[in-house]
Amino acid sequence: MNLRSLFLIISLLIYIGPIIIPLNAQSLFSIIPPISGGFNGHARLFNSAADSSGIFVLGEYPYYKNGDSSRYKIQNIMLRFDYYGNLIYIKNFPLTDSYNLTQYYFPLIKKNDSISYLSALYYYPGETCATNIVYEMNITTGELLKERKMPKVSICNQSYAFENGYYSKTNGRLVLPFYLNTGLQSVGNLLVFELDSNLQILRQDTFSYPGNRFNIVSILPNSLGGYDGVGNITKVIKEYYQSFPIFISIDSNHKIIKTVVRKDLESFFYHYQNFSPTKDPNGNWVTLISKDTLNRAFDSTDSNYIPYIMKFSSQWDTLIWSARFQNPNFRFDYIFSHFTMSRCEDGSGYIALEDAFAGPKDSTAYMRMFKVSENGDSLWSRYYYILGKDEPTWYNTLLPITSTPYKTFVVQGSAGIDKTGIVKPWLMHFDYHGCIVPGCQIKVSLVDIKSGKVNPINIYPNPIQGRTIQFLSHINSTGKVRVILYDLNGKEVFRNSIELKEQAQYQLLLPEELFKGIYNLKITGNKIDLTEKIEILNNW
């Protein structure tokens, strides 16, 4: 059996007394979903949405059509989980004979608790041009309600990619921005569609910034009956990229009435999978943006991105604060490529995530998470090894973060295992402290541990819905401790070992053959002797 661990580095620790973990109608978790059908166990997860009863995720797996290895296909899928991480359903997405549905770039747009919109690009067999289709779907049932094939651009090399739009409850319109690639090295435009409730196109507008790639990554409604957007302009000067962040304001007549180019932030830009820009309650923009520290040629794939969270005034005239995420193990052979951020609805701040591909000194990919307050104060940072620190991975990706109705977040992605090359999907549900074990942000005292007021290790959840159980350690061990599970007859049914780190969270994948019932979980070694009864609520 496998022990998967998630190691955390915490920059802010507080002590608030003994830990009490409530039992709710939901559970925090990090899981590898059971997806079958693909060859060699490959699968990926892309984007997600959440309603009051569960989590909806889109993904894919590769397969050979009719068992013919020369006919490689992609099966796109819809999955739903409850808030314990249990799989409720898995359904095939339509158009199964398409070569690929490139849905992983695009966040779902929420209409109400159960209805969301998806803009997707299809590549049909034999075609080199993508076809864009907009879907209205019920994320509770996995039912596709409506669809609209969007118009193709005039020539094949003029392709467009979806950015982050919105649904207006005021007029019932769906506003979808796209980056229009003109096929020219330094020219790209903003293309915006407005659709009604039947997904009929009401209008189509094209905006440009002469001589530049004009990439607006997110738009939100403004008080003028139009919308504001942020992104970047980029052009090639003497074979090297020059990039600046940009803000635009468009009025109800669909005219750009204001443009702000932040030339004080050269080389800061939005990665093409970064849909983070949002607004705080006062209308100020808060955004996760990256600085490329390399002077990169336009035909080079070399890059080194350092993430910042920045707050701008509503019209981008003032940079209110900037918070750089400082990695203590920073090296220039890292490549940071996927970023996401969202605002905590309790007003406590903003949580951002990035995946990190380590260089030759460390082949294990991991995810980093950090949080800043509404005032830009750094609160904490954490590392997550999705498949475990001891499982070398050559690949890890994360896609847009999703807020749930329970003041928690969901994020998903995939990770490639070094020794097999297999890409595994993963799904994480965590709270506003970055915890998958409640209370991971709390610093407990050694006095309380020695007096027995606080256990040196917290076990969560209990009872268990599913196959995973998490540990939160309040101590460091000088070596590994034994983790043993016994049934009530005293028979050992599982054993593993782990080295404990203070404030680190660990996840244990339980054996499939266990039956529901009561068990004793014993953790011993290095002056630790802890036994706790756990209850497993379901068979597999």
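Not measured: the values here are computed from a predicted model.

Caption draft 1: View of the overall build of the chain. Helices and strands together make up the secondary structure of the chain, namely one helix and 40 strands. The buried share of the chain, taken over its 540 residues, is 59%. Contacts in the chain between residues far apart in sequence, at least 24 positions, make up 56% of those at least 6 positions apart.

Caption draft 2: Representation of the nonpolar core. In this structure, Ile469, Phe471, Leu485, Leu500, Leu510, Leu521 and Ile534 are the most contacted members of the largest nonpolar core, which totals 28 residues. Going through the elements one at a time, strand S34 (457-460), strand S35 (468-473), strand S36 (480-486), strand S37 (492-499), strand S38 (505-509), strand S39 (517-525) and strand S40 (528-536) are the ones with two or more residues in this core. In terms of residues, this core owes the most to one element, S40, which gives four residues. Sequence-distant contacts of leucine 510, that is, excluding residues within four places in its chain, are made with Ile464, Arg467, Ile469, Leu485 and Ile536.

Caption draft 3: Structural context of the pairing of strand S28 (residues 366-372). Burial analysis of S28 places seven of its seven residues in the buried class, the great majority of the element. As paired elements, S28 and strand S29 (residues 378-384) share six bridges and run antiparallel to each other. Considered in S29, the bridge of lysine 371 is made with tryptophan 380. Connecting the antiparallel pair S28 and S29 is a turn made up of five residues, with glycine 376 showing a positive phi of about 85°.

Caption draft 4: Representation of the sheet that holds strand S4 (residues 55-64) within the structure. The antiparallel open sheet is built from four strands, whose spatial order is S3-S4-S5-S6. Two strands bound the open sheet, and with one partner strand each, they are strand S3 (44-50) and strand S6 (87-92). Ignoring strand direction, the axes of neighbouring strands in this sheet form an average angle of 25°.

Caption draft 5: Broad picture of the environment of phenylalanine 29. By secondary structure assignment, the location of phenylalanine 29 is in strand S2 (residues 29-31). Phenylalanine 29 sits in the buried class, given a relative accessible area of 1%. Discounting residues that sit within four places of it in the chain, phenylalanine 29 has contacts with Ile55, Asp82, Tyr83, Tyr84, Gly85, Leu427, Met428, His429, Ile436, Gln470 and Gln507.

Caption draft 6: The arrangement of the state of the cysteines in detail. All chains considered together, the criterion is met by one disulfide. Disulfide partner of cysteine 435: cysteine 440, at an S-S distance of 2.0 Å. Across the disulfide from cysteine 435 to cysteine 440, rotation about the S-S bond amounts to roughly -85°, and the bridge is consequently left-handed. By relative accessible area, cysteine 435 is classed as buried at 0%.

Caption draft 7: Structural context of the confidence of the model for the chain. Summary statistics for the chain give a mean pLDDT of 80 and a share of 80% for residues scoring 70 or more. Summarising per-element confidence for the chain, the mean pLDDT is lowest in strand S1 (residues 3-6) (35) and highest in strand S20 (residues 256-261) (96). In this model, residues 329-336 is a region of pLDDT below 50 whose contacts with residues beyond four sequence positions or in other chains number 31 contacts.

Caption draft 8: Structural context of the pairing of S38. Most of S38 sits out of view: four of its five residues are buried. In this structure, S35 lies alongside S38, joined through five bridges in antiparallel fashion. Along S38, the bridge assignment pairs phenylalanine 471 with tyrosine 506.

Caption draft 9: Summary view of the environment of aspartate 205. Here aspartate 205 is to be found in strand S16 (residues 201-207). Classification of aspartate 205 by relative accessible area gives buried; the value is 10%. For the pair aspartate 205 and lysine 255, spaced 50 residues apart in sequence, the C-alpha separation works out to 9.5 Å. If we ignore the near neighbours within four places in the chain, the residues touching aspartate 205 are Leu190, Leu191, Val192 and His254.

Caption draft 10: Quick look at the environment of asparagine 171. Along the chain, the position of asparagine 171 falls in the loop between strand S13 (166-167) and strand S14 (174-184). Residue asparagine 171 is classed as partly exposed on the basis of its relative accessible area, which comes to 48%. Each C-alpha atom, one on asparagine 171 and one on serine 197, is 9.4 Å from the other, the two residues being 26 residues apart in sequence. Within polar-contact distance, the side chain of asparagine 171 engages the side chain of serine 168 at 3.1 Å. A polar contact of 2.9 Å, which involves the side chain of asparagine 171, links it to the backbone nitrogen of arginine 173.

Reading the values: the criteria
Residues numbered from 1 in each chain as written. Predicted model: local features only at pLDDT ≥ 70, side-chain atom pairs only at ≥ 80, totals over all residues. Heavy atoms only, no water. Helix = DSSP H or I, 4+ residues; strand = E, 2+ residues; numbered from the N terminus. Buried < 20%, exposed > 50% of the residue type's maximum accessible area, 1.4 Å probe, protein only. Contact = heavy atoms within 4.5 Å. Core = buried A, V, L, I, M, F, W, Y, C linked by side-chain atoms within 4.5 Å. Pairing = 2+ DSSP bridges. Axes fitted to C-alpha atoms, helices over the stretch in contact; angles between N-to-C directions. Disulfide = S-S within 2.5 Å. pLDDT = per-residue confidence, 0-100. Polar contact = N/O pair within 3.5 Å; in protein donor to acceptor, adjacent residues only side chain to side chain.

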